[in-house]
Amino acid sequence: MSQDVQPSASEPAPRTPRIGLALGGGGARGLAHIAMLEAFDEMGIRPAVISGTSIGAIYGAAYASGLSGKDLREHTRTVLSQRFALLRDLFAVRAQPLQRLFNLFSAPSAILDPAALLDVVLPKTLANDFSELKIPLHIVASDFYDQEPLVFSSGSLRTAVAASMALPVIFQPVVVNGKAYIDGGLTNPLPFDILDDLADVVVAIDVSGAPVPDPKRATPTAFEALFASAFLFERSIVKEKLKSKQPDILISAGTSQYQVLDFLKADEILAAAEPAKSRLKFQLERVLSAETLPQIEFQPDAEAVPSPPKAPAKSKRRGLLKRRSKTPH
């Protein structure tokens, strides 16, 4: 008489690792996030949790609301083509004197209201509240007076995104519960560390880039230096973070040659991000098919920030992927 064989209690059923996706800040270079989100869609992989800073918060919010990478590509192209005149005034400021920027807007205390801008450029299907999101999301902003990062994960989604993208000089600070917040990139430009206890595998997309010399000009313009200075500071933060902790996958988007306000070069930025998209898919495939995470050597991209050898993987990730290796491929 046959008997059913019960699974051993000591052998838990294998499960797919929870992937955390961190989308960094970098101005127009962050349009490259679209290509990275497309990579997840094309592989049929859904992040379990997302974190975002600045433009990473914008695309993270849209993706977590249910839009696909393809949707975001089409929406971005539509906004840039149909509202060209508005975006020219908002973003193509490198060709304008700073005084004209102040004259464009009547508010005496600000250049641009980030919440008003979001109403123009965000998809109408964006969730209103964090509770409506299809993927949990954590958005980083910087407390201006406390000089510390704050992570938003509940409440008004648009308010959190506006606070995260409030880059000084361009945007006025966003006040939430009596506190003033500015660009999250000034305290945590690549927020992979906040996903550490929320995911088994952490993927970080770095779009900060580094200034690239212009062969036509020996030195940067004053306006370029003004905006690049914030991103030089942010890149220094990323370098210091990577000395003590690294994500499981770090992808540099390969868009350093573009300026932080080059939003009208969306197609060029997306094309430049295609090699990084391929590298992301390759790295994801290696991680998800590996027997143990320590066997996966960290492969920095050509533009990736130099960092020391990868520390041993956390025991929870190593154990998870070791159990997966017992499942036939």
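Residues numbered from 1 in each chain as written. Predicted model: local features only at pLDDT ≥ 70, side-chain atom pairs only at ≥ 80, totals over all residues. Heavy atoms only, no water.

**A short note on the overall build of the chain**
For clarity, the cut-off: Working definition: helices are DSSP H or I runs of at least four residues, strands are E runs of at least two. Numbering for both runs from the N terminus. Partly exposed describes any residue whose relative accessible area lies between the buried limit of under 20% and the exposed limit of over 50%, with all areas from a 1.4 Å probe on protein chains only and scaled to the type maximum. Computed with a 1.4 Å probe, the accessible areas rest on the Shrake-Rupley method; for each residue, only the protein chains presented here act as cover.
Looking only at helices and strands, one finds 11 helices and 8 strands in the chain. Out of the 329 residues in the chain, the part that is buried amounts to 51%. Surface exposure of the chain reaches about 15,800 Å², of which carbon and sulfur atoms provide 55%.

**Regarding the nonpolar core**
So the rule is basically this: In plain words, nonpolar cores are sets of buried Ala, Val, Leu, Ile, Met, Phe, Trp, Tyr and Cys residues tied together by side-chain atoms within 4.5 Å. Throughout, a contact is declared for two residues whenever any of their heavy atoms are within 4.5 Å.
Residues Leu-137, Ile-139, Phe-152, Leu-157, Ile-205 and Leu-280 are the most contacted members of the largest nonpolar core, which totals 74 residues. Residue contacts for Phe-152: discarding those within four places in its chain leaves Phe-130, Leu-137, His-138, Ile-139, Ala-141, Ala-160, Ala-163, Val-176 and Tyr-181. Ranked by size, the runner-up nonpolar core spans 11 residues in total, among them Ala-22, Val-202, Val-238 and Leu-242.

**Concerning unusual backbone geometry**
Positioned with a positive phi, Ser-54 is a non-glycine residue whose angle comes to about 55°. Within the fold, Ser-54 resides in the loop between strand S2 (49-53) and helix H2 (55-64). Even without glycine at this site, Asn-177 takes up a positive phi of about 50°. Assignment of secondary structure puts Asn-177 in the loop between strand S5 (174-176) and strand S6 (179-182).

**Some remarks on the packing of aromatic side chains**
Convention followed: Note on aromatic pairs: the rings of Phe, Tyr and Trp (six-membered ring only in Trp) are paired at centre separations within 6.5 Å, and the planes decide the class, stacked below 30 degrees, edge-to-face beyond 60, tilted for the rest. By definition, being over a ring means that NZ of Lys or CZ of Arg is both within 6 Å of the ring centre and within 35 degrees of the ring normal.
Taken as a whole and judged by the stated rule, the model has 2 aromatic pairs. Pairing Phe-144 with Tyr-145 gives two aromatic rings, centres 5.0 Å apart and planes at 85°, and the pair type is edge-to-face. Arranged with centres 5.4 Å apart and planes meeting at 75°, the rings of Phe-152 and Tyr-181 form a pair that is edge-to-face. One end of the pair, Phe-152, is in strand S4 (residues 148-152); the other, Tyr-181, is in strand S6, with 29 residues separating them in the sequence. Judged by its relative accessible area of 12%, Phe-152 is buried. Residue class for Tyr-181 comes out buried when judged on its relative accessible area of 5%. Positioned over the ring face of Phe-192 is Lys-241, at 4.4 Å from the centre of the ring.

**Observations regarding helix H6 (residues 114-121)**
Defined as follows: The directions from the helix axis to the C-beta atoms are what the arc is built from.
Where H6 is concerned, the buried positions are Pro-114, Leu-117, Leu-118 and Val-121. One side of H6 holds all its buried residues, which, seen down the axis, span an arc of 100°.

**Observations concerning the pairing of strand S3 (residues 137-143)**
Test applied: At least two bridges found by DSSP between two strands is the condition for calling them paired.
Where burial is concerned, most of S3 is hidden: 7 out of the 7 residues are buried. Because side chains alternate across S3, one face comprises the buried residues Leu-137, Ile-139, Ala-141 and Asp-143, and the other comprises His-138, Val-140 and Ser-142, equally buried. Pairing geometry for S2 and S3, over 4 bridges, is parallel. Bridged to Ser-51 within S3 is His-138. Adjacent in sequence and paired antiparallel, S3 and S4 are bridged by 4 residues, among which Gln-147 carries a positive phi angle near 55°. Relative to S6, S3 is paired through 2 bridges, and the arrangement is antiparallel. The partner of Ser-142 across the bridge, within S6, is Ile-182.

**Some thoughts on helix H10 (residues 274-289)**
Put simply, the test is: A helix is expected to reach a length of 1.5 Å times the quantity of its residues less one.
A rise of 1.5 Å per residue sets the reference length of H10, with its 16 residues, at 22 Å; its end C-alpha atoms lie 23 Å apart and thus fit the reference within 8%. Along H10, the residues classified as buried are Ala-276, Lys-277, Leu-280, Gln-283, Leu-284, Val-287 and Leu-288. Across the axial projection of H10, the buried residues extend over an arc of 125°, all falling on one side.

**Describing the packing of helix H1 (residues 33-43) against H10**
Two measures define how a pair of helices packs: the angle their axes make with one another and the distance between the axes. Defined as follows: Fitted lines through C-alpha atoms serve as axes, helices being fitted only where they are in contact, and the angles separating the N-to-C directions of these axes extend from 0 to 180 degrees. Roughly parallel covers angles under 35 degrees, roughly antiparallel covers those over 145, roughly perpendicular covers 65 to 115, and oblique covers all other angles. Crossings are sorted by hand: turned counterclockwise from the far helix by less than a right angle, the near helix makes the crossing left-handed, and turned clockwise it makes it right-handed. Put simply, Ala, Val, Leu, Ile, Met, Phe, Trp, Tyr, Cys and Pro go in the nonpolar bin, Asp, Glu, Lys and Arg in the charged bin, and everything else, Gly too, in the polar bin.
Running from N to C, H1 and H10 cross one another at 40°; their axes reach a closest spacing of 9 Å. Compared by their axis directions, H1 and H10 come out oblique. Relative to H10, the crossing made by H1 is right-handed. Residues Ala-35, Met-36, Glu-38, Ala-39, Phe-40, Glu-42 and Met-43 of H1 lie in contact with H10, whose contacting residues are Glu-274, Ala-276, Lys-277, Leu-280, Lys-281, Leu-284 and Glu-285. Looking at side-chain class alone, the contact of H1 with H10 contains 8 nonpolar, no polar and 6 charged residues.

**Some thoughts on the pattern of salt bridges**
The line we're drawing: Between Lys or Arg on one side and Asp or Glu on the other, a salt bridge is scored when a side-chain nitrogen of the former is within 4 Å of a carboxyl oxygen of the latter.
Scanning the entire structure with this criterion turns up 11 salt bridges. Here Asp-262 makes a salt bridge to Lys-265, at a shortest N to O gap of 4.0 Å. Take Asp-262: its relative accessible area is 5%, and that puts it in the buried class. The network of salt bridges with common partners includes Glu-38, Glu-42, Arg-73, Glu-274, Lys-277 and Lys-281.

**Some points on the confidence of the model for the chain**
Note the cut-off: On a range of 0 to 100, pLDDT expresses the predictor's confidence in each residue.
Here the chain averages 78 in pLDDT, and 69% of its residues register 70 or above. Across residues 92-110, confidence stays below pLDDT 50; counting only partners more than four residues off in sequence or on other chains, it has 24 contacts. This stretch, residues 291-298, has a pLDDT under 50; its non-local contacts, to residues over four places away or in other chains, come to 20 contacts.

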